[in-house]
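Read off the chains here:
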Number of protein chains: 2
Amino acid sequence: MYFLKITMAKIKHDLNTLFNSKSIAIIGASSNPKKVGYALLKNLINSKANIFPINPKYDKILNKKCYKNVLSVSENIDTAIIAVPKIIVEKVLKECGEKKVKNVIIISSGYKEVGDIISENKLKSICEKYKMNLIGPNCLGVINTSNKMNASFFNGLPKKGKISFVSQSGALGVGILDYFIKKGFGLSKFISIGNMAGINFCDVIEYLIKDKETSVICLYIESLKEGKRFMKLAKKSDKPIIVLKGGKSSEGSKAVSSHTGSMAGSKEIYEFAFKQAQVISAKTLTELFDKALLIEKQGYNKKGRKTCIITNAGGPGILTTDYCEENKLVLPKLPEKIIRELNNFLPKAWSHHNPIDIVGDALAERYEKCFKTMAKCKLFENYIIILTPQTMTEPFKTAEKIIEFKKNLEKNTRVVACFIGGEKVEKAKEYLINNGIPCFDEPLRCVRSL
Amino acid sequence: MYFLKITMAKIKHDLNTLFNSKSIAIIGASSNPKKVGYALLKNLINSKANIFPINPKYDKILNKKCYKNVLSVSENIDTAIIAVPKIIVEKVLKECGEKKVKNVIIISSGYKEVGDIISENKLKSICEKYKMNLIGPNCLGVINTSNKMNASFFNGLPKKGKISFVSQSGALGVGILDYFIKKGFGLSKFISIGNMAGINFCDVIEYLIKDKETSVICLYIESLKEGKRFMKLAKKSDKPIIVLKGGKSSEGSKAVSSHTGSMAGSKEIYEFAFKQAQVISAKTLTELFDKALLIEKQGYNKKGRKTCIITNAGGPGILTTDYCEENKLVLPKLPEKIIRELNNFLPKAWSHHNPIDIVGDALAERYEKCFKTMAKCKLFENYIIILTPQTMTEPFKTAEKIIEFKKNLEKNTRVVACFIGGEKVEKAKEYLINNGIPCFDEPLRCVRSL
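Residues numbered from 1 in each chain as written. Chains lettered and ligands numbered in written order. Predicted model: local features only at pLDDT ≥ 70, side-chain atom pairs only at ≥ 80, totals over all residues.

## Description of the overall build of chain A
Line of reasoning, step 1. Across its full length, chain A carries 17 helices and 19 strands.
Line of reasoning, step 2. In chain A, which comprises 450 residues, the proportion classed as buried is 58%.
Line of reasoning, step 3. Pairs at least 24 residues apart make up 72% of the contacts formed inside chain A by residues separated by at least 6 positions. (Helix = DSSP H or I, 4+ residues; strand = E, 2+ residues; numbered from the N terminus. Buried ≥ 20, exposed ≤ 12 C-beta atoms within 10 Å, placed from the backbone. Contact = placed C-beta atoms within 7 Å.)

Here it is, written out as structure tokens:
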């Protein structure tokens with residue numbers, strides 16, 4: 001009961017007031033482009049919310065009226081972002097409390113991560129007293145693409161999508177956001193939760209599970225508070241949760257404590273807990289992205305292990321077969337009827353089993369015929385389509401056929417592609433990805449994403 | 001003794017006569033751009049060798065005189081590439097024998113890989129009789145970048161470099177070559193060995209070990225003949241040999257037999273043999289490329305496990321630490337003297353241990369100062385430099401400092417980089433790679449490459 005009480009008391013306002021803030025104060029706003037307070041203001045200036053730069057040194061910044069402090073703003077403030085030197089954080093935080101601000105994002109650092117637990121506890125108790133949600137300290141900020149609110153000091157905004165990302169490392173968050181933009185991945189919410197003095201993973205997950213704009217929840221976790229609550233939430237979640245855990249090794253675990261001031265916990269405990277909670281574990285950033293992308297595009301099929309490989313290249317087909325077996329995807333035999341039908345149009349040298357090697361000289365039309373046959377076969381839950389660009393190969397046309405194929409399959413049958421090469425396959429890959437078919441150049445990534 | 005005899009008898013001419021052919025006949029040359037015989041001729045037409053298109057149907061192809069058969073060519077022929085229908089392969093092969101051709105590359109397929117062992121044995125005995133080196137059948141061809149000889153039907157030529165690649169899968173070879181071109185990797189020799197009826201892995205490896213233009217030997221192996229000879233060669237090789245093995249799993253092994261008609265052999269036997277032979281095992285294509293690239297650029301350091309991580313991003317530093325431990329790289333403690341020196345200029349919040357977290361707001365100058373300190377420390381054999389692009393971060397300038405750093409280290413100290421992000425780090429990554437520093441966006445790839 002006590003445990004639950006603490007939990008309930010931490011959230012003072014629905015996180016919707018954070019992600020859909022109507023008014024935002026930037027405390028420490030600056031006109032100096034090298035300062036975080038400038039980046040924050042610049043990122044927010046075009047959002048739908050009312051923006052209030054706060055800094056006693058200025059009258060105006062970026063053509064916006066600048067206020068001495070939050071108390072001198074007459075309107076209500078939903079969220080205040082604090083990016084001032086540590087020495088005055090407590091003062092401005094109290095002013096936020098007086099002003100009845102609902103959420104504070106503390107960007108400023110120098111707390112638990114450098115051993116100063118006393119100061120961090122002070123922030124906590126101020127927020128407790130004034131009933132404010134506390135995000136941070138030592139964080140990058142918060143993003144919501146659906147209202148174009150970039151309340152972080154990351155410069156840029158990924159396109160709107162269904163993937164939400166919660167990161168305990170701000171710098172990793174920066175890398176991820178930049179990667180999303182480059183790859184054209186769709187983001188819903190991004191939250192850098194820093195030292196988690198107030199809002200922690202569980203609070204955010206609880207919100208994201210209910211959030212209609214989120215279909216996959218991705219987490220970079222170094223340490224977890226409220227383990228039991230996490231397990232409960234993950235189990236009841238109907239949205240897939242993908243976790244990348246940092247600090248699994250003994251050396252890595254030591255490094256965690258000097259990063260966000262948390263204990264990483266033993267590898268075994270986490271692995272057991274994640275398994276129990278039925279979250280999806282990713283070993284690397286790459287795997288996390290690949291899995292999130294596939295789920296966002298094609299949905300999640302927890303039990304889908306029955307896989308069919310169709311390839312114009314023997315070697316990559318064999319490697320993929322190896323990876324399937326290692327990763328517990330099964331390659332069922334082709335039904336006799338299907339083999340007979342494939343015999344009708346495939347060259348004699350085709351493999352006659354799964355993986356279906358349709359031989360190196362396959363044009364898009366041969367792929368297409370094969371797809372049409374396979375679309376009648378309800379046996380498979382996953383398809384991996386492999387292509388290497390021989391002289392006659394038609395990567396782009398083949399990509400079109402793959403997209404068509406996906407449409408003709410049952411909704412939860414997933415299709416990923418592996419086009420191995422450079423220039424010759426680049427456009428086809430882009431086209432596939434833009435049309436909902438994840439396409440990699442490494443067979444193992446195909447398999448891991450499934 | 002018998003074993004040795006067969007071995008010695010198989011090579012009829014030094015493979016130098018293949019890779020540096022002075023005259024090449026293309027049997028089955030065609031003016032139809034959709035045919036392999038057209039691609040072969042087009043790829044060779046600008047090489048330094050004398051080229052003789054052979055096809056009784058034409059007088060001229062691509063402005064070159066076309067011959068009825070090899071016997072009607074008056075000059076000597078070092079190498080003949082055969083790309084005719086299976087039914088006339090034996091006939092033209094005998095003509096090559098009469099003509100005293102030294103090497104034949106048989107592109108044509110339909111032999112052991114579809115179960116026709118008898119026909120394959122006939123090819124073998126013809127080559128035996130006439131003392132010709134036989135490459136293939138069922139292969140893509142051979143490339144030597146140093147004389148711009150592309151005796152394959154892959155369209156394109158990677159730039160000259162020190163990596164040689166032997167692939168048992170032609171289609172995989174195509175993917176690899178296209179990837180080399182896109183990434184700007186340097187290739188020395190490429191050999192698609194197909195069904196290995198004549199020349200096999202051992203023959204090529206023996207040549208490449210002596211080849212001055214090769215510094216790393218990469219192999220895609222599905223099945224190996226002459227296991228003992230392979231072990232001997234690999235052990236005595238002073239050049240690193242990197243192997244990607246297809247058909248390790250039981251399903252994958254079945255798939256091999258319908259691909260090149262070979263037995264894949266058990267996973268355990270191969271793993272044991274590779275370990276004994278001290279070859280470097282790669283689990284994936286990506287790992288193979290990454291390892292080859294690092295060795296080509298910075299040389300090979302078999303025992304170099306002592307690693308130092310320098311990062312502006314805590315999370316990726318922690319992940320990298322985890323991967324190091326899993327992959328048996330060690331992270332020695334920083335000497336007290338070095339810590340004291342770093343204290344002089346790093347912000348208080350720096351990690352004070354390895355991984356060296358120089359904190360998110362690090363400019364290129366802070367990296368540089370750190371590098372200068374570390375260059376005095378002889379403890380480390382590998383450095384992994386991590387960067388995520390915060391607002392103030394200077395990816396390109398930092399890349400310049402990394403290149404400078406590498407120059408100030410002892411020759412066999414290796415430096416790899418991990419720049420996580422998209423647009424913001426792209427140019428810096430390219431610059432690093434072009435200047436001999438492999439740069440990845442996935443921490444695990446850094447670790448695996450080392």
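Text resumes after the structure shown.
## Here's the deal with the pairing of strand S15 (residues 307-311) of chain B
All names here are of chain B.
Line of reasoning, step 1. Burial analysis of S15 places 5 of its 5 residues in the buried class, the great majority of the element.
Line of reasoning, step 2. Side chains Thr-307, Ile-309 and Thr-311 of S15 all project onto a buried face; the interleaved residues Cys-308 and Ile-310 project onto the opposite face, where all are buried too.
Line of reasoning, step 3. Where S15 meets strand S17 (residues 382-387), 5 bridges bridge the pair, whose relative direction is parallel. Opposite Cys-308, over in S17, you have Tyr-383 as the bridge partner.
Line of reasoning, step 4. Across 2 bridges, S15 lies against strand S16 (residues 356-357) in parallel orientation. (Pairing = 2+ DSSP bridges.)

## Some words on the nonpolar core
Line of reasoning, step 1. If you look at the biggest cluster of nonpolar residues, it comprises 289 residues, and the most contacted ones within it are Ile82(A), Val104(A) and Ile82(B).
Line of reasoning, step 2. The contact partners of Val104(A), leaving out residues within four places of it in the chain, are Ala80(A), Ile82(A), Leu93(A), Cys96(A), Cys127(A), Met132(A), Leu134(A) and Ile135(A). (Core = buried A, V, L, I, M, F, W, Y, C linked by C-beta atoms within 7 Å.)

## Section: the interface of chain A and chain B
Line of reasoning, step 1. Opposite the 69 residues of chain A that make contact, chain B presents 69 residues.
Line of reasoning, step 2. Among the elements of the structure, helix H3 (36-44), helix H6 (170-183), helix H9 (250-260), helix H11 (285-298), helix H12 (314-326) and helix H16 (423-434) of chain A are those that each provide at least two residues to the side of chain A that touches chain B.
Line of reasoning, step 3. Partitioning the side of chain A that touches chain B into residue classes produces 24 nonpolar, 29 polar and 16 charged. (Nonpolar A, V, L, I, M, F, W, Y, C, P; charged D, E, K, R; others polar.)

## Brief notes about the relation of the copies chain A and chain B
Two copies of the chain are present, and they differ by a rotation about an axis and a shift along that axis.
Line of reasoning, step 1. Overlaying chain A with chain B gives an RMSD of 0.0 Å, the required rotation being 180° about an axis along which the chain moves by 0.0 Å. What the rotation and shift describe, once combined, is the action of a two-fold rotation axis. For chain A, the smallest separation between a C-alpha atom and the rotation axis is recorded for Thr286(A), amounting to 6.2 Å. (Least-squares fit on C-alpha atoms with pLDDT ≥ 70 in both.)

## Quick word on the confidence of the model for chain A
Residue and element names in this part refer to chain A.
Line of reasoning, step 1. With 95% of its residues at a pLDDT of 70 or more, chain A shows a mean pLDDT of 89.
Line of reasoning, step 2. Across chain A, element-level confidence peaks in strand S5 (residues 79-82) with a mean pLDDT of 97 and bottoms out in helix H1 (residues 2-10) with 47.
Line of reasoning, step 3. In the predicted structure, residues 1-8 sits below a pLDDT of 50 and forms 2 contacts with residues beyond four places in sequence or in another chain.
Line of reasoning, step 4. Interface confidence in the predicted complex, given as ipTM, is 0.85; pTM for the same model is 0.85. (pLDDT = per-residue confidence, 0-100.)

## Quick word on the environment of Pro240(A)
Line of reasoning, step 1. Structurally, the position occupied by Pro240(A) is in the loop between helix H8 (227-236) and strand S13 (241-245).
Line of reasoning, step 2. Residues Pro240(A) and Ile280(A), spaced 40 residues apart in sequence, show a C-alpha to C-alpha distance of 7.3 Å.

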